[in-house]
Amino acid sequence: MKLQGNTILITGGSGGIGFELASQLLRRGNTVIVTGRDQGALDAARRRLPGLWTLRSDVRDPHAIAALHERVMKDFPAMNVLINNAGIMRKVNLQTFGADLQGITEEIEINLSGSIRMVMQFLPHLKAQSHAAIVNVSSGLAFNPYPIAPIYGATKAGIHSFTQSLRVQLKQTNVKVFELAPPAVDTPLNHTFADELRGTPLMSVTKLVDEALKGIERDRPEIRVGFANVSKLMSRIAPGFILKQLSKPVDQMLAQMKQLSS
Ligand SMILES: NC(=O)c1ccc[n+]([C@@H]2O[C@H](COP(=O)([O-])OP(=O)(O)OC[C@H]3O[C@@H](n4cnc5c(N)ncnc54)[C@H](OP(=O)(O)O)[C@@H]3O)[C@@H](O)[C@H]2O)c1
């Protein structure tokens, strides 16, 4: 797909991967609109990237998605690319009774339901464009669970599955469907995982986005970068081994719980 002259809507573009996508796509001559919940962060993004459009919108909220659609149809009728990027990642101890059900629901709503609702809301418009694309951001953890973040892994596996089905259902339309599966990237999302990621090299957000845009330009439907490639391969050839490696933070958590209860 040509990455020039498009009108691109990115959810969660005030920081991290979404912001870098916006920055590189703007430089290539696209119109870019980003969303986010925090107006201050959106204003700061606009100051850093003159030419960027920002709209405050929360993917958790179906009414906000409907309002966003109305606004985009009015102000950006040429919109032809949707990038479902907004996401959060949380540690969850499933043995904590009632384990923060509100937080769990929120994580599912943002990472999975929100992306699906955005697709459903914008698809009729995208189908009417001469060329269009949907990019769903999953993760290397879509292919193997990361037990310390059990809801995150489940939502990303869900996005992977949904994206595959969407691609099949849209194969006779002009809407291309991409999945971007990043490895661990140096963004605020990982700040609460500093202990778990100690010793793990984090990819720079610039390199990740370089790879992502190369993949879209080459029409690669599933763009797996760095560890995401390894993760998919290992899920096929040594699923037990990779799960054991990714389970280490939970092993530590269980040891601490045992110590506390003895
Ligand atoms: N960083 C990684 O290592 C990594 C690896 C694999 C996959 N990913 C995926 O890449 C995507 C981006 O992650 P990131 O690392 O860039 O995260 P990030 O640095 O935490 O940025 C997340 C962005 O999403 C926005 N956002 C969060 N909740 C939202 C909501 N309900 N509605 C609208 N916007 C929302 C945030 O702004 P507000 O908080 O103001 O809303 C922010 O702009 C996510 O889907 C993540 O799962 C990241």
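This text goes with the structure placed above it.
Residues numbered from 1 in each chain as written. Predicted model: local features only at pLDDT ≥ 70, side-chain atom pairs only at ≥ 80, totals over all residues. Heavy atoms only, no water.

Caption draft 1: How the structure looks around unusual backbone geometry. Phi at Asp 219 takes a positive value of approximately 55 degrees, unusual for a residue other than glycine. Assignment of secondary structure puts Asp 219 in the loop between helix H6 (205–217) and strand E7 (222–224). (Helix = DSSP H or I, 4+ residues; strand = E, 2+ residues; numbered from the N terminus.)

Caption draft 2: Fine view of the packing of helix H1 (residues 16–27) against H6. Between H1 and H6, the shortest axis-to-axis distance is 9 Å and the interhelical angle comes to 60 degrees. Relative to H6, H1 is oriented oblique. Here the hand of the crossing between H1 and H6 comes out right-handed. Of the residues in H6, those touching H1 at Gly 16, Ile 17, Glu 20, Leu 21, Gln 24 and Leu 25 are Val 205, Thr 206, Leu 208, Val 209, Asp 210 and Leu 213. (Axes fitted to C-alpha atoms, helices over the stretch in contact; angles between N-to-C directions. Parallel < 35°, antiparallel > 145°, perpendicular 65-115°, else oblique. Left-handed = near helix turned anticlockwise from the far one by under 90°. Contact = heavy atoms within 4.5 Å.)

Caption draft 3: Representation of the site of the ligand in the model. In the neighbourhood of the ligand, 29 residues make up the surrounding shell, with Ser 14, Ile 17, Tyr 152, Val 185 and Thr 187 lying closest. Interatomic distance of 3.3 Å between a backbone N/O atom of Gly 15 and an oxygen atom of the ligand. Computed on the free molecule, the ligand has an accessible area of 880 Å², of which 92% lies beneath the protein chains in the complex. Within the residue set of the shell around the ligand, elements represented by two or more residues are H1 and helix H5 (150–169). Considering only residue class, the shell around the ligand consists of twelve nonpolar, 13 polar and four charged. (Near = heavy atom within 4 Å. Polar contact = N/O pair within 3.5 Å; in protein donor to acceptor, adjacent residues only side chain to side chain. Areas by Shrake-Rupley, 256 points an atom, 1.4 Å probe, with all protein chains shown as cover. Nonpolar A, V, L, I, M, F, W, Y, C, P; charged D, E, K, R; others polar.)

Caption draft 4: Geometry of the pattern of salt bridges. This model, assessed by the stated rule, comprises 16 salt bridges. For the salt bridge of Glu 211 with Lys 214, the shortest nitrogen-to-oxygen distance reads 3.5 Å. With Glu 211 and Lys 214 both in helix H6 and three residues apart, the pair spans about one turn of that helix. In this structure Lys 214 comes out as partly exposed when scored by relative accessible area, which is 34%. Across the pair Arg 224 and Glu 222 runs a salt bridge, and its minimum N-O distance is 2.9 Å. On the basis of relative accessible area, Arg 224 is assigned to the partly exposed category, the value being 23%. (Salt bridge = Lys/Arg side-chain N within 4 Å of Asp/Glu carboxyl O. Buried < 20%, exposed > 50% of the residue type's maximum accessible area, 1.4 Å probe, protein only.)

Caption draft 5: Quick look at H5. For H5, with 20 residues, the first-to-last C-alpha span of 29 Å sits near the 28 Å given by 1.5 Å per residue. Of all the residues in H5, the buried ones are Pro 150, Ile 151, Tyr 152, Gly 153, Thr 155, Lys 156, Ile 159, His 160, Phe 162, Thr 163 and Leu 166. Looking at the buried positions of H5, the neighbouring elements they touch are helix H4 (101–127), strand E5 (132–137), strand E6 (175–181), E7 and helix H7 (227–237). (Expected span 1.5 Å × (residues − 1).)

Caption draft 6: How the structure looks around the pairing of E5. Counting buried residues in E5 gives six out of six residues, a clear majority hidden from the surface. Going residue by residue along E5, you find Ala 132, Ile 134 and Asn 136 tucked away on one face and Ala 133, Val 135 and Val 137 tucked away on the opposite face as well. Relative to E5, strand E4 (residues 81–84) runs parallel, the two sharing four bridges. By the bridge assignment, Val 81 is partnered in E5 with Ala 133. Relative to E6, E5 runs parallel, the two being bridged by six bridges. By the bridge assignment, Val 135 is partnered in E6 with Phe 178. As a crossover connection, the stretch from E5 through H5 into E6 is right-handed. (Pairing = 2+ DSSP bridges. Right-handed = clockwise from strand over helix to strand, strands pointing away.)

In short, the description is geometric, and any link to function would need to be established separately.
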